[in-house]
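Structure assessment
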Amino acid sequence: MAECAEDSDAESRISYGDYIVLKRGDVFKSVQVENKKKVIFEKQWFFLDNAVGQLYGTMFEIEAGGSLRVKMVKRAGSSLSNDDSKEAGQDNRHIVDDGRSQKLTRDDIETLKEQGLKGQEIVQQLIDNSTTFKDKTEFAQQKYIKKKKKKYESDITFLKPSTRLLAMMYHGREPGKICHLRYDTLAQMLTLGNIHASSKIIVFETCAGLVLGSVMERMGGYGSVIQMYPGGGPTRAGMESFGFPSSFHETLHEFPMCKVNALLAGTLDLSEKDTDSRTDGSRDGQVHSSQQTSGVFEEGNTEPQRMEVSIDPEEEMKREKLRQQRAQEKKVKMEERRKKLTSASALLQSRDADGLVIASRFHPCPVLMRLLKFVAPSRPFVVYCQYREPLIECYTQLREQGGTINLRLTDSWLRRYQVLPNRTHPVLLMSGGGGYLLSGTTVAKSVNQQKSEEPAAKRLKLDVSSPSCESTT
């Protein structure tokens, strides 16, 4: 029991190489802890060395020189509001915002910072030199203090990465990178996709690896995750920010979308990529050597004296060794990539995946129709799209094709509330939309099942003797 407690305590402490999430107010940023690494966050710079060995969730204060100091939580902010809340006005109707209520100027505040005053002391100076602070209501005073604290106090909290924190970080800082996927919609995707441990999940996403990392976190390192990626290679910046151990990466497989048709047709050739790359590499080497030769002859025509320069044999040997080393490294990488493709294709060929998750900037209909063939019957799938029309097309095609039931096209709605004593209300600035989700369940098609077609319309029988059918000629 003691060893388990020590292991859990070690995991909850920050160490070099770990990924952490910096929090200040409602702003987040993900960074990796490195030795003497300078981090810039919210217009302040500091080093992360003093955070090593501290527990996750610790609040630090930035000191002069960029060093961090563990802040002693003593409810210092509440003392400001309690001392001044004794003298408060009844309303704010007589307060005029003319810019003259504060006696301290920007130069005075910078002078206070140079003197070594902390953020709390600067906020107290601003309160003392405000001519309208005591005339404000109690709620307005607390709002003023909170605003000044956010501006002048340099408190940063170090948190352990999670799906919720990283989703809020991406949606707040760079929503375009994750296709404007909101964190509540991501939670709905993980629920509708029935993501759990010891399952085989196919993921196709272009959300910087956020959806992939969320699936891997939910699975806990058990099972298999097959990432289908477009282009030359997968994007995993968001997944790496989770800081998963090596055991999690062993469950991750990758397979390119450009080879899906060949895999379905049974004509997949994994050695073709290696042959093409080697051919291209040899061609590049020939072109490079020919360019060097032509360059030498051209220079020889203009400046003949350069042809007399001899090449050092040792230098030539070093270049040859370096060239051979690079070729060997490239060969090893290609062999590793071939092994990964082989393992991923073996998992897909069994066509018994336990779920399918799609969230990309591409049109989801062709991707969904291809990847559904790898999902076993009675398994869930979920597709995210920022817009509704592509999912309507997917819904219509699935209904016509068959093989799926319980199709649902939904959108999530989120409203944030400010919960404070005597002033609980919805937040004024909120996200307008969180995208749309298409979910359903696969079923097995029977052998005799045919595509349902509407019966042809019956033709009306016309009487030959009718006057309308007589010839006019």
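Residues numbered from 1 in each chain as written. Predicted model: local features only at pLDDT ≥ 70, side-chain atom pairs only at ≥ 80, totals over all residues. Heavy atoms only, no water.

Digging into the overall build of the chain
- If you tally the helices and strands in the chain, you get 15 helices and 16 strands.
- Within the chain, the fraction of its 473 residues that count as buried is 35%.
- Long-range contacts, defined here as pairs at least 24 residues apart, represent 70% of the contacts in the chain between residues at least 6 apart.
- For the chain, the exposed surface amounts to about 29900 Å²; the carbon and sulfur share of it is 49%. (Helix = DSSP H or I, 4+ residues; strand = E, 2+ residues; numbered from the N terminus. Buried < 20%, exposed > 50% of the residue type's maximum accessible area, 1.4 Å probe, protein only. Contact = heavy atoms within 4.5 Å. Areas by Shrake-Rupley, 256 points an atom, 1.4 Å probe, with all protein chains shown as cover.)

Details of the sheet that holds strand β5 (residues 59-62)
- Judged by pairing direction, the sheet is antiparallel, and its 5 strands sit side by side in the order β2-β1-β7-β5-β6 without closing on themselves. With partners counted over all chains shown, the strands left at the sheet margins are β2 (27-32) and β6 (68-70), one partner each. Neighbour to neighbour, the strand axes of the sheet diverge by 35° on average, direction disregarded.
- One ladder, built from 3 bridges, connects strand β1 (residues 19-24) with strand β7 (residues 155-159); its direction is antiparallel. Bridge pairing links K23 to T157 in β7.
- Across the sheet, helix α6 (residues 163-173) lies against β1, β2 and β7, angled at about 115° from β2, the strand it touches most. (Pairing = 2+ DSSP bridges. Axes fitted to C-alpha atoms, helices over the stretch in contact; angles between N-to-C directions.)

Brief notes about the nonpolar core
- Formed by 36 residues in total, the largest nonpolar core has its most connected members in M189, L210, V211, V215, M216 and V225.
- Counting only elements with at least two residues in this core, the list comes to α6, α7 (183-192), β8 (199-205), α8 (210-219), β11 (355-359) and β12 (380-385).
- In terms of residues, this core owes the most to one element, α8, which gives 6 residues.
- Not counting the four nearest positions on each side in its chain, L210 is found in contact with L166, A167, Y170, I178, L186, E205, G238 and F242.
- Counting residues in each nonpolar core, the second largest holds 31 residues, with L270, I358, V367 and F374 among its members. (Core = buried A, V, L, I, M, F, W, Y, C linked by side-chain atoms within 4.5 Å.)

Overview of the sheet that holds β12
- Strand order in the open sheet formed by 7 strands is β10-β9-β8-β11-β12-β16-β13, and the pairing between neighbours is mixed. Across the chains shown, the open sheet's two edge strands, defined by having one partner strand only, are β10 (252-256) and β13 (404-411). Neighbour to neighbour, the strand axes of the sheet diverge by 15° on average, direction disregarded.
- Where β11 and β12 come together, 4 bridges link them in parallel fashion. In the sheet register, I358 faces β12, and the bridge partner there is V383.
- In the packing of helix α13 (residues 313-349) onto the sheet, contacts are made with β8, β9 (223-229) and β10, and the angle to β10 comes to roughly 90°.

Re the side chain of R24
- Structurally, the position occupied by R24 is in strand β1.
- Buried charged residue R24 carries no salt bridge. Nearest counter-charge: E42, at 5.4 Å. (Lys, Arg positive; Asp, Glu negative; His and termini not counted. Salt bridge = Lys/Arg side-chain N within 4 Å of Asp/Glu carboxyl O.)

Keep in mind that these numbers describe shape and distance, not what the molecule does.
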